[in-house]
Amino acid sequence: MHEVDGAVALDERIRYGDAWLAKGIAHQMLGELDAAVAALEKFVAINGSSIEGHVRLSRLYGEQQKKDAAQRAKQEASSTWAALPAFQKKRQRGWWLRLITGL
């Protein structure tokens, strides 16, 4: 068990699911793509207004050659962006730019 797993076990909804985001990033860095996808899916289920979560998920699906799922995650990021209030758009602008530029 990774240390991040212990953090998630304490409270999976803490800070709108940020522990799941951290877990997904950690698994991705370790090359554990299936575990990373599962964690990020849980994160966006808790925090659906996170552009970062949708963008990261889209990229992971792309690495797994799941083109339809990657496209759906991009579309979800785009529709989420359109629904965000201005103060949230300001905070998440970097992830929006990564989505539209592919960086």
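The notes below deal with the structure included here. (Residues numbered from 1 in each chain as written. Predicted model: local features only at pLDDT ≥ 70, side-chain atom pairs only at ≥ 80, totals over all residues. Heavy atoms only, no water.)

**What about the overall build of the protein?**
- Counting its secondary structure elements, the protein contains six helices and zero strands.
- Seen in sequence order, the protein has helices and strands lined up from the N terminus as α-α-α-α-α-α.
- Within the protein, the fraction of its 103 residues that count as buried is 40%.
- A separation threshold of at least 6 residues defines the contact pool for the protein, and within that pool the share at least 24 residues apart is 47%.
- Surface summary for the protein: the accessible area is close to 6300 Å², and the carbon and sulfur share equals 54%. (Helix = DSSP H or I, 4+ residues; strand = E, 2+ residues; numbered from the N terminus. Buried < 20%, exposed > 50% of the residue type's maximum accessible area, 1.4 Å probe, protein only. Contact = heavy atoms within 4.5 Å. Areas by Shrake-Rupley, 256 points an atom, 1.4 Å probe, with all protein chains shown as cover.)

**Overview of the packing of helix α4 (residues 51–63) against helix α5 (residues 67–83)**
- Remark: α4 packs on α5, axes separated minimally by 8 Å, with the N-to-C direction vectors making an angle of 165 degrees. Classed by the angle they form, the pair α4 and α5 counts as roughly antiparallel. Considering how the two elements wind past one another, α4 and α5 form a crossing that is left-handed. From α4, Ile-51, His-54, Leu-57, Ser-58, Tyr-61 and Gly-62 reach across to α5, where they touch Ala-69, Ala-70, Ala-73, Lys-74, Glu-76, Ala-77, Thr-80 and Trp-81.
- Along the lines of polarity and charge, the residues of the contact of α4 with α5 split into eight nonpolar, four polar and two charged. (Axes fitted to C-alpha atoms, helices over the stretch in contact; angles between N-to-C directions. Parallel < 35°, antiparallel > 145°, perpendicular 65-115°, else oblique. Left-handed = near helix turned anticlockwise from the far one by under 90°. Nonpolar A, V, L, I, M, F, W, Y, C, P; charged D, E, K, R; others polar.)

**Let's talk about the environment of Ser-50**
- Along the chain, the position of Ser-50 falls in the loop between α3 (33–46) and α4.
- Taking the C-alpha atoms as reference points, Ser-50 and Gln-92, separated by 42 residues in sequence, lie 7.8 Å from one another.
- If we ignore the near neighbours within four places in the chain, the residues touching Ser-50 are Phe-43 and Gln-92.

**Examining the nonpolar core**
- Trp-20, Leu-40, Phe-43, Leu-57, Leu-60 and Tyr-61 are the most contacted members of the largest nonpolar core, which totals 15 residues.
- Element by element, the count of residues in this core is highest for α3, at seven residues.
- The residues contacting Leu-40, other than those within four sequence positions of it, are Leu-21, Gly-24, Arg-56, Leu-57 and Leu-60. (Core = buried A, V, L, I, M, F, W, Y, C linked by side-chain atoms within 4.5 Å.)

**Brief notes about α5**
- In this model α5 runs 24 Å from its N-terminal to its C-terminal C-alpha over 17 residues, within 8% of the 24 Å that 1.5 Å per residue would give.
- Regarding α5, the residues found buried are Ala-69, Ala-70, Ala-73, Ala-77, Thr-80 and Trp-81. The buried residues of α5 occupy an angular sector of 120 degrees when projected down its axis, which confines them to one face. Residues of α5 that are exposed and angled more than 90 degrees away from the buried face: Lys-67, Asp-68, Arg-72, Ala-82 and Ala-83. (Expected span 1.5 Å × (residues − 1). Arc of directions from axis to C-beta.)

**What to know about the packing of helix α2 (residues 18–29) against α4**
- Viewed as axis vectors pointing N to C, α2 and α4 meet at an angle of 25 degrees, and their least axial separation amounts to 12 Å. When the axes of α2 and α4 are compared, the pair comes out roughly parallel. Note on packing geometry: the crossing formed by α2 with α4 is left-handed. Contacts from Leu-21, Ile-25 and Gln-28 in α2 reach Glu-52, Arg-56, Leu-60 and Glu-63 in α4.

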